[in-house]
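Observations on chain architecture
Each chain, written out:
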Amino acid sequence: MSLPDTERILLGPGPSLIPPRVLRAMSAPVLSHLDPDFVPLLHEVGASLRRLFRADDKALALATSGTGTSAMEAAVANIVTDGMRGVVIVTGYFGDRLAQIFERYGATVRRIDVEWGRAVDPQKLRDELRREGADVVGMVHAETSTGVRNPIKELAAIVRDHGAVSIVDTVTSLGGHEVDLAGWGVDVAYSCAQKCIGAPSGIAPIAVSGPARQRMVKCRSFYLDLKLLEDYWVSSKYHHTMCTSLVYALREALLMIDEEGLEARWARHERLVQYRSRCRPGPACWQDLARRTDGRKLHAPDAAAVPGGARGSARPERPQRAVRRWCRGRECVLAPAACQCLRSRAGCRAAGPACGRAGFSAD
Ligand SMILES: Cc1ncc(COP(=O)(O)O)c(C=O)c1O
């Protein structure tokens, strides 16, 4: 096997293309995770993440070593404990994952299941909390599996009114959509580096608001214990051997965000998605999604277009797998549930099953 020799233009909701500047930063000489020259970089990244999440001054902001799921689990592991009443809004694959993690950490979970492809109606959460209350509520801002954005500002306000803690997944929104922890009153939010931030995966931002720090529980996981991680990030107390090259990459990507300005960046993401839709209206399933979500769509490609040549295999196979096989060696734009081939636009046609539920599988 050799390394890839053709460039893939990754326009899916992650991993995204990494700017050359970020790749160059990663190749700087390796420092130890406790090197006095490295410590200020870590502090800089923490401060920059606090700005990116728009968290309050007392908030804890750092990054876990791992992909978005590590920060997802860290959020739950530091807030949820045995016997807690948890409510999780499930509008797709990642809401379901969040519910599973809540259960693993001992919560009794009540799910608010919403038809995939639709955003939750805040009234459903209000009714659920009025009925039975909750200690902690989990929700996904940008549900990658369906391309739907949930109204976190309204939902977080309801959670706060009922005295519960909110945990919000911003894996596919942070850096590309407005996220405002302090303004919206969100308690805990986590994300990843490889989507709208533009760094490689393997390091995952997380923030806990000042007030929510008082609601943290004794963490059952040593690796994901945010208090121990804070001791490392703030006071350089050894916890684990952080990959300093990934911190360089994240720092460079965050510098680029600071230079561009957050509002300008959100607007650019929105413009590009509108441009994409104008260039190519897309199959019926896109239009249906846009209509059904009342404009609450993600700033990320979500199309389910399969090039004609990628189909027709004698053996039925999942659309994504067929697309990947077809794309190999070609110049392609790849998204998890979609492939719009630059060379053969005319040959593209919709593949219904790649939408929504079936559109996101682990392969
Ligand atoms: C909304 C959402 N949450 C969580 C995750 C998990 O992130 P990771 O695959 O980086 O572990 C993803 C990944 O795509 C996601 O889209």
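Note that the structure is predicted; figures quoted are calculated from it, not measured.

1. What about the overall build of the protein?
The helix and strand inventory of the protein stands at 13 helices and 14 strands. Every one of the 363 residues in the protein was classed for burial, and the buried ones make up 47%. The long-range share in the protein, meaning contacts at least 24 apart out of those at least 6 apart in sequence, stands at 70%.

2. Things to note about the pairing of strand 8 (residues 165-169)
Most of strand 8 is tucked away, with five of its five residues classed as buried. Alternating positions in strand 8 separate into two faces, Val165, Ile167 and Asp169 on one and Ser166 and Val168 on the other, with burial throughout. Across five bridges, the pairing between strand 5 (residues 136-140) and strand 8 is parallel. For valine 140, the partnering residue across the bridge sits in strand 8 and is aspartate 169. Bridge count for strand 8 against strand 9 (residues 188-190) is three bridges, and the pairing is parallel. Note on strand 9: the bridge partner recorded for valine 168 is alanine 189.

3. Details of helix 2 (residues 39-53)
Compared with the 21 Å implied by 1.5 Å per residue over 15 residues, the 21 Å span of helix 2 between its first and last C-alpha is a close match. The set of residues buried in helix 2 consists of Leu42, Val45, Leu49, Arg50, Leu52 and Phe53. Take helix 2 and look down its axis: the buried residues cluster within an arc of 160°, on one side only. More than 90 degrees from the buried face of helix 2, the exposed residues found are Pro40 and Ala47. Elements in contact with the buried residues of helix 2: strand 2 (60-65), helix 7 (181-184), strand 9, strand 10 (203-208), helix 9 (226-235) and helix 10 (244-260). Positive backbone phi, approximately 55°, marks arginine 54, located one or two places after helix 2.

4. Focus on the site of the ligand
With respect to spatial proximity, 13 residues lie near the ligand, and among them Thr67, Gly68, Thr69, Thr144 and Val171 are the closest. Residue contributions to the shell around the ligand peak at three residues, all from helix 3 (residues 68-77). Grouping the amino acids of the shell around the ligand by side-chain chemistry returns five nonpolar, seven polar and one charged.

5. Some words on the sheet that holds strand 8
With respect to topology, seven strands assemble into an open sheet ordered 2-10-9-8-5-3-4, the strand pairing being mixed. Both outer strands of the open sheet, strand 2 and strand 4 (108-113), are each paired with one neighbouring strand and no more. Between one strand axis and the next, the sheet turns by 20° as a mean value, whatever way the strands run.

6. Comments concerning the packing of helix 5 (residues 122-132) against helix 6 (residues 152-161)
Where helix 5 contacts helix 6, the axes come no closer than 9 Å and their chain directions differ by 10°. When the interaxial angle is binned, helix 5 and helix 6 end up roughly parallel. Of the residues in helix 6, those in contact with Pro122, Leu125, Arg126 and Leu129 of helix 5 are Glu154, Leu155 and Ile158. The class makeup of the residues in the contact of helix 5 with helix 6 is five nonpolar, no polar and two charged.

7. Focus: the nonpolar core
Counting 91 residues, the largest nonpolar core has Phe53, Ala75, Val76, Phe102, Ala207 and Leu250 as the members making the most contacts within it. In terms of residue count, the dominant contributor to this core is helix 10 (seven residues). Among residues more than four places away in sequence, those in contact with valine 76 are Ile101, Phe102, Tyr105 and Ile167.

8. Digging into the confidence of the model for the protein
Per-residue pLDDT for the protein averages 84, and the proportion of residues at 70 or more is 76%. Segment residues 301-317 is flagged for pLDDT under 50; beyond a separation of four residues in sequence, or across chains, it makes 56 contacts in the model. Confidence over residues 335-363 falls short of pLDDT 50; this stretch has 83 contacts with residues more than four positions distant or in other chains.

9. Let's talk about the pairing of strand 10
Within a regular beta strand, the side chains point alternately toward one face of the sheet and then the other, so they alternate between its two faces. Of all six residues in strand 10, six are buried, a share of seventy percent or more. Here strand 10 shows no split at all, with Ile203, Pro205 and Ala207 on one side and Ala204, Ile206 and Val208 on the other all buried. Note: strand 9 against strand 10, three bridges, orientation antiparallel. Following the sheet pairing, valine 188 is matched in strand 10 by valine 208.

10. A closer look at unusual backbone geometry
A negative phi angle is the norm for most residues apart from glycine, just as the trans form is the norm for most peptide bonds. Of note, arginine 54 is a non-glycine position whose phi angle comes to about 55°, a positive value. Of note, the phi angle at serine 236 is positive, near 55°, even though the residue is not glycine. Tracing the sequence through the fold places serine 236 in the loop between helix 9 and helix 10.

11. Some remarks on the environment of leucine 49
With respect to the secondary-structure elements, leucine 49 resides in helix 2. Sequence spacing of leucine 49 and leucine 254 is 205 residues, and the spatial spacing of their C-alpha atoms is 7.7 Å.

12. Looking at the environment of leucine 298
Tracing the sequence through the fold places leucine 298 in the loop between helix 12 (284-292) and strand 11 (305-307). In this structure, leucine 298 is in contact with Pro13, Ala142, Gly147, Arg149 and Thr172, ignoring residues within four places of it in sequence.

Rules and cut-offs
Position numbers for residues start from 1 in each chain and track the written sequence from start to end. Only residues with pLDDT of 70 or above have their local features reported here, since the model is predicted, and side-chain atom pairs are shown and tallied only from 80 upward, although totals for entire chains, interfaces and linings are computed over all residues. Numbering of helices and strands starts at the N terminus; helices are DSSP runs of H or I of at least 4 residues and strands are runs of E of at least 2. The exposure label follows from counting other C-beta atoms within 10 Å of a residue's C-beta, where the C-beta atoms are placed from the backbone and the thresholds are 20 or more for buried and 12 or fewer for exposed, leaving partly exposed in between. Two residues qualify as a contact pair if the distance between their C-beta atoms, derived from the backbone, is within 7 Å. Note on pairing: two strands pair once DSSP finds at least 2 bridges between them. A helix is expected to span 1.5 Å multiplied by its residue count minus one. The directions considered for the arc run from the helix axis to the C-beta atoms. Only the C-beta atom, placed from the backbone, is used; a residue is near a molecule or strand if that atom lies within 6 Å of it. We call Asp, Glu, Lys and Arg charged. Ala, Val, Leu, Ile, Met, Phe, Trp, Tyr, Cys and Pro are nonpolar, and the rest, Gly among them, are polar. Fitting a line to C-alpha atoms yields each axis, with helices limited to the stretch in contact; the angle taken between N-to-C directions then spans 0 to 180 degrees. Note that the term roughly parallel is reserved for angles under 35 degrees, roughly antiparallel for angles over 145, roughly perpendicular for angles of 65 to 115, and oblique for everything else. Among buried residues, those of type Ala, Val, Leu, Ile, Met, Phe, Trp, Tyr and Cys that are joined through C-beta atoms within 7 Å form a set called a nonpolar core. Looking at any residue, its pLDDT shows the predictor's confidence there, from 0 to 100.

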